[in-house]
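Here's the letter readout for the chains.
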Amino acid sequence: QSADQATGELPDPDLASQAQLGKIAALFKEKGFPDDKVVRHTYIASVIGREFGSAKELAKKEASTVIESLMKEDASAIQGAPDEAPYEDEERPF
């Protein structure tokens, strides 16, 4: 494994399980995150406090932290999730 570029420390060698990675993917969808790797990657990096190349590089503890954070997310607060349907009571502009 390579050292984290920012701190020079190695992440926990006990990598996230496939079940954890699947749960993260399911929660992103459930919470209304856009199907955009950059958005999801940025969210995970902000939660775990470090950059990473792939979700497969996450330690089990980091994956658990991401799952806990996602479970607390309010779907309506996610960027790109509409609060209400646009143009519901008005004429569409096109």
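A turn of α-helix holds 3.6 residues, and therefore any two residues three or four places apart point the same way. Relative to the 18 Å expected for 13 residues at 1.5 Å per residue, helix α3 (residues 60-72) spans 19 Å between its end C-alpha atoms, a close match to the ideal helical length. Against α1 (18-30) and α2 (37-48) lie the buried residues of α3.

All chains considered together, the criterion is met by two salt bridges. Between D14 and K60 there is a salt bridge, with its nearest N and O atoms 4.0 Å apart. Of this pair, D14 sits in the segment before α1 while K60 sits in helix α3, and the two are 46 residues apart along the sequence. Given a relative accessible area of 40%, D14 falls into the partly exposed group. Judged by its relative accessible area of 34%, K60 is partly exposed.

Quick look at the confidence of the model for the protein chain now. Averaged over every residue, the pLDDT of the protein chain is 80; the share at 70 or more is 65%. Here residues 81-87 scores under 50 on pLDDT; set against residues more than four positions off or in separate chains, the count is five contacts.

Okay, the environment of K56 next. Mapped onto the fold, K56 is located in the loop between α2 and α3. Looking at K56, the relative accessible area reads 60%, which means it is exposed. Separated by 38 residues in the primary sequence, K56 and Q18 place their C-alpha atoms 8.5 Å from one another. Sequence-distant contacts of K56, defined by excluding residues within four places in its chain, comprise L15 and L21.

Moving on: the packing of α1 against α2. Packing of α1 against α2 brings their axes to within 12 Å, and their N-to-C directions diverge by 115°. Relative to α2, α1 is oriented roughly perpendicular. Classified by chirality, the crossing of α2 by α1 is right-handed. Between α1, through I24, A25, F28 and K29, and α2, the contact on the second element is made entirely by R40, Y43 and I44. Partitioned by chemical class, the residues of the contact of α1 with α2 number five nonpolar, no polar and two charged.

The rules behind the values
- Residues numbered from 1 in each chain as written.
- Predicted model: local features only at pLDDT ≥ 70, side-chain atom pairs only at ≥ 80, totals over all residues.
- Heavy atoms only, no water.
- Helix = DSSP H or I, 4+ residues; strand = E, 2+ residues; numbered from the N terminus.
- Expected span 1.5 Å × (residues − 1).
- Contact = heavy atoms within 4.5 Å.
- Salt bridge = Lys/Arg side-chain N within 4 Å of Asp/Glu carboxyl O.
- Buried < 20%, exposed > 50% of the residue type's maximum accessible area, 1.4 Å probe, protein only.
- pLDDT = per-residue confidence, 0-100.
- Axes fitted to C-alpha atoms, helices over the stretch in contact; angles between N-to-C directions.
- Parallel < 35°, antiparallel > 145°, perpendicular 65-115°, else oblique.
- Left-handed = near helix turned anticlockwise from the far one by under 90°.
- Nonpolar A, V, L, I, M, F, W, Y, C, P; charged D, E, K, R; others polar.

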